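Structure assessment
The primary structure of each chain is shown beneath.
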Amino acid sequence: MTPILQLRETSRSFQKKGKTISAVHPVNLSLLPRDFVAIQGPSGSGKTTLLLLAGLMLSPDSGSVLLENQETTHLSQEAKTRFRASKIGFVFQQFHLVPYLSLLENILLPASFQNTATQTLETAKTLAESLGLSHRLDHFPSELSAGERQRTALARSLLVGPSLLLADEPTGNLDPASARIVIEKMQSFADAGGAVLLVTHDRNVAAAAKTQMAMDTGTLSPATT
Amino acid sequence: MSKLGLSLLVFREIRYRLWQFFFAVFAVAIATGGVVGMISLFQIYDAATARSLAEKEKEIRARLAELSESMRKGSLIQQFNITILSAEQDLASFHFDHYPNTTLPESDVKTLVNSDITTINHLEPSLTKRIRWPEKNRDILLTGIRGEAPLRLASPKKMFNPPVPPGQVALGSELAGSLAPGDPIEMFGKTYKIARVHWPKGTIADMTAWLDLDEAQKILDSPGVINAMRAIHCGCANMDLDLVAKKIKSILPDTQVIIDKPKADTRNSMRSAAEEESREALATEAASRAETLTRITSTALAVLPILLATCGGWLLWLSWFAVRSRRQEIAVLRSMGASSIFIAALFLSRAAAAGLAGALSGCAIAVLLAVTWGTRYTPGFLASDAILPLWIFSAALAGIAFSLAAALIPAIAATRQDPAKILQQEI
């Protein structure tokens, strides 16, 4: 089976006040279809950097990032952008919905960056319905609860039919009921053949994943229970 | 709806941050309105100046024509420039008696009229003789006139010494006494109706009676003759009067020509002086208006760059502010696959919309103010002076370009923002 995501000896460091800080030590990670991997770790442990490396938002200092077996490290920014547009879905803790678009328009937004628009209004409405948002389609983000916003963000990330879903503390601002809906949707995404990489410091959320890993000071290791 | 178009995103964003957009529109409107307003005011002032100068020139021309006419009449009243007499006329006797005592055939008038002479405007044949007025038992000067003979090649002029119709008489003031036009008067055994009475001139004219030439010829028993032709030189070509005299002599060899040259020269020099004076007044007016326009231009050249720089700076700041306040949105759009061209287009389209709205409203307000100003303070103002379609179209384009120029660097900066850095900070 072809891995969806492969990190091979991938590392990343930052310069801060003249000092080099190693955010991610060389890591190896492979996500196959149906994988749901949760990475736990305290703040500043390098979880988000790892997620951004996987999402082609950051380039590694060393090693490589392969997406569906394609080496992406040396691709141009625009080529990475195209990759992201079609292969990767992002979910953030802060939702990052566009404030001036309605719920439905926010879900449809990624379709604007697709060369071949196979996504339709029907797909968006189906996603909204599956996340319990049908009654809120015309509402703006400011009119939605935190849970509704996050579910909207999740629907948006799934619209283009990505193979990889990257989620950073997706339930951090949610009540338990909303968190459960979001996790269940991610599980069903993985069950349908996608791969999910979830970053969280919530043990309960991590427990929903098939695989749990831990990250501390840039080093990735299997989680200990 | 499967895709959200750029225009929808721009429209929604404008609606969401309406005040930011309004400030940008306001900045462009002030810049564009300032430029269009200044141009409209220049145009209004310039057109008003052109009109005012044209009116003044027209006025001067009319005044000069009037002056010329009145001097021409004055010349006639005082004396003609040219008097044509018989070659046999003794000039001493002519000057002593105030009239010639020799005659010319009346056919000479016809000869001169039909000649190729073009420098004479008016020709008045006359027969004058001192005669006793039997009814009043006093000597008078009787002059027979036929009115002015129209010269074949001269341009037609208004007759200012009208003929006396047969059966009527024109009288000098001394002869008329208390009689008025329309009164009957007995002269030489016949009753004449007084056609007109001349104002006192203090000359022999006060003692003169003017009759129709045919009647005068009968009374004076001189059929078919006259004793003088008076002519006025047109003066417009500044021709030498001696040449005119020579020309007349060549046409009528049995005549002599008396020229009152100083009068003609005075008339011409007075006209020239008046014309020069008027031209100088016009030039002074034009110079004064040009100076005012220069002053306005200098002020505009000093004010406009400051205005444009201020508005440009303001727009630049607004664009930076928009980029700063939308950095999360940009990062998220980038994470979803928005290209840098799309991000730049988001900002530049918004700037173009602000530019267009600002330019149109700026032009409209500027033109409205210019029209109001023009109507109130510029005599003879025409709305077309202030409404210049080409300038308005150019200003609209310039407004868009101005807004785009101010947004360009912030838009490029937006495309170069590192979304990872922003998302790392936000997450």
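Rules used in this analysis
- Residue numbers restart at each chain and count upward from 1, following the sequence in its written direction.
- Here the convention is simple: chains get letters from A, ligands get numbers from 1, in the order in which they are written.
- In keeping with the predicted nature of the model, local features appear solely for residues at pLDDT of at least 70, side-chain atom pairs appear and are counted solely at 80 or more, and the whole-chain, interface and lining totals rest on all residues.
- By convention in this description, side-chain values take in all heavy atoms of the structure and omit both hydrogens and water.
- In DSSP terms, a helix is any run of H or I states spanning at least four residues, a strand is any run of E spanning at least two, and both are numbered starting from the N terminus.
- Residue contacts are defined here by distance: any two heavy atoms, one from each residue, within 4.5 Å place the two residues in contact.
- Two strands pair under a simple rule: DSSP has to find at least two bridges between them.
- These domain boundaries are the output of an automatic or database domain assignment.
- Where helices are involved, their axes are fitted lines through C-alpha atoms of the stretch in contact, as for all axes, and angles between N-to-C directions lie from 0 to 180°.
- Every angle not falling under 35 degrees, over 145, or within 65 to 115 is termed oblique; those three ranges are roughly parallel, roughly antiparallel and roughly perpendicular.
- Two helices cross in a left-handed way if the nearer one is turned anticlockwise from the farther one by less than a right angle. They cross in a right-handed way if the turn is clockwise.
- When a carboxyl oxygen of Asp or Glu is within 4 Å of a side-chain nitrogen of Lys or Arg, the pair counts as a salt bridge.
- For every residue, the accessible area obtained with a 1.4 Å probe (protein chains only) is divided by the maximum for its type, and the residue is called buried under 20%, exposed over 50%, and partly exposed between those limits.

**Things to note about the side chain of B:S126**
Structurally, B:S126 is set in strand β3 (residues 120–133). With residues near it in sequence (within four places) discarded, B:S126 still touches B:T143, B:G144, B:I145, B:L213, B:I226, B:N227 and B:A228.

**Quick notes on the sheet that holds strand β1 (residues 5–16) of chain A**
Residues and elements named next belong to chain A. Reading across the sheet, the four strands line up as β2-β1-β4-β5 and stay open at both edges, with antiparallel pairing between neighbours. Two strands close off the open sheet at either side, each with one partner strand: β2 (19–31) and β5 (70–71). Strand direction decides the pairing type here: β1 and strand β4 (residues 62–67), joined by five bridges, are antiparallel. Bridge pairing links Q6 to L66 in β4.

**Concerning the domain arrangement of chain B**
Splitting chain B by domain gives domain 1 (6–63 + 274–426) and domain 2 (80–259). The centre of domain 1 of chain B, based on its C-alpha atoms, is set 75 Å off from the matching centre of domain 2 of chain B.

**A word on the packing of helix α5 (residues 146–158) of chain A against helix α6 (residues 176–191) of chain A**
Residue and element names in this part refer to chain A. One way to put it is that α5 packs onto α6 with a least axis distance of 9 Å and a crossing angle of 15°. In terms of their interaxial angle, α5 and α6 are classed as roughly parallel. Regarding α5 and α6, the two cross each other, and that crossing is right-handed. Across the interface between the two elements, G147, Q150, R151, L154 and L158 from α5 touch S178, I181, V182, K185, M186 and F189 from α6.

**Things to note about the pattern of salt bridges**
Residue and element names in this part refer to chain B. Applying the stated criterion across every chain, the model contains 20 salt bridges over all chains. A salt bridge links R138 to E174; the shortest N-O distance between them is 3.7 Å. Note that R138 is positioned in strand β4 (residues 138–145) and E174 in helix α5 (residues 173–176), a separation of 36 residues in sequence. On the accessibility criterion, R138 (25% relative accessible area) is partly exposed. In this structure E174 comes out as partly exposed when scored by relative accessible area, which is 44%. R326 is the partner of E329 in a salt bridge, and the nearest nitrogen-oxygen pair spans 3.0 Å. Both residues of the pair, E329 and R326, count as buried. Three or more residues are tied together by salt bridges with common partners; here these are E13, R17, R326, E329 and R350.

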